[in-house]
Amino acid sequence: MDECTAYRLRILNRAISKLYDDALRPFELRIAQLNTLVVVMQTQGLTPNELSQRMHMDASTVSRNVERMCNSGWLKLADIDDARSHEIQITEKGMKLIADVAPAWEAAQRDAEELLGVSIGKAIARGANRLGGE
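Residues numbered from 1 in each chain as written. Predicted model: local features only at pLDDT ≥ 70, side-chain atom pairs only at ≥ 80, totals over all residues. Heavy atoms only, no water.

Taking an unreviewed UniProt entry as the reference, the protein chain is identified by name as MarR family winged helix-turn-helix transcriptional regulator belonging to Nannocystis punicea.

Right, here's the structure in full:
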């Protein structure tokens, strides 16, 4: 088991996620939520299916997260031509939150880079880019 890449990545993922979550806790935000906000902001709105694909998450997880973030006032749902779906958009409150958390995120980013080292951080970025993660 110690040689299993998936096992080792899971340990690293939990440790890195904890770094970010701890930094974002004063804002009552988790790193997965911040990532969602940033994706929605960058795309200027997208459907739940598009968000699921872009973030490599299953639809039910996206749905739960978006619902919670709408309840917090960070995201909103807008009607589109397709009656079977809607567009997820960021609100002004969500935009302000991104700006407010930026220094905490930057500190967590530095801590993560220090923990992983530059070469591992770059290797992770290359791997994510190959999968379509930006």
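### Observations concerning helix 1 (residues 5–24)
Because each turn of an α-helix spans 3.6 residues, side chains separated by three or four positions in sequence point in the same direction. The criterion, for reference: Secondary structure elements follow DSSP: runs of H or I of four or more residues count as helices, runs of E of two or more count as strands, with numbering from the N terminus. Expected helix span is taken as 1.5 Å per residue step, with the number of steps being one fewer than the number of residues. For each residue, the accessible area found with a 1.4 Å probe, counting protein chains only, is set against the maximum for its type, and the residue is called buried under 20%, exposed over 50%, and partly exposed in between. Comment: arc refers to directions from the helix axis out to C-beta atoms. Residues are treated as being in contact if the distance between any of their heavy atoms lies within 4.5 Å.
Over its 20 residues, helix 1 extends 28 Å from the first C-alpha to the last, a length consistent with the 28 Å expected when each residue adds 1.5 Å. Taken together, the buried positions of helix 1 are occupied by I16, Y20, D21 and L24. Buried residues of helix 1 fall within an arc of 140° about the axis and therefore sit on the same side. Buried residues in helix 1 make contact with helix 2 (31–43) and helix 5 (92–116).

### Observations concerning the nonpolar core
Quick note on the threshold: Here, the term nonpolar core denotes a set of buried Ala, Val, Leu, Ile, Met, Phe, Trp, Tyr and Cys residues that are joined through side-chain atoms within 4.5 Å.
With 26 residues, the main nonpolar core has L24, L29, L34, L37, V40, L51 and L75 as its most contacted residues. Of all the secondary-structure elements, those providing two or more residues to this core are helix 1, helix 2, helix 3 (48–55), helix 4 (59–71), strand 2 (86–90) and helix 5. Ranked by the residues each element gives to this core, the list is headed by helix 5, at seven residues. Sequence-distant contacts of L24, that is, excluding residues within four places in its chain, are made with L29, R30, I31, L34, V101, A104 and W105.

### Thoughts on the confidence of the model for the protein chain
For clarity, the cut-off: In predicted models, pLDDT denotes the confidence assigned by the predictor to each residue on a 0 to 100 scale.
Here the protein chain shows a mean pLDDT of 91. Residues at 70 or above account for 96%. Confidence scores differ between elements of the protein chain, with helix 6 (residues 118–130) showing the lowest mean pLDDT of 86 and helix 5 the highest of 96.

### Focus on helix 2
Taking 1.5 Å per residue, 13 residues should reach 18 Å; helix 2 reaches 18 Å between its end C-alpha atoms and fits that length. All of the buried residues along helix 2 are I31, Q33, L34, T36, L37, V39 and V40. Contacts made by the buried residues of helix 2 are with helix 1, helix 3, helix 4, strand 1 (75–79), strand 2 and helix 5. Q44 lies just past helix 2 and shows a positive phi near 60°.

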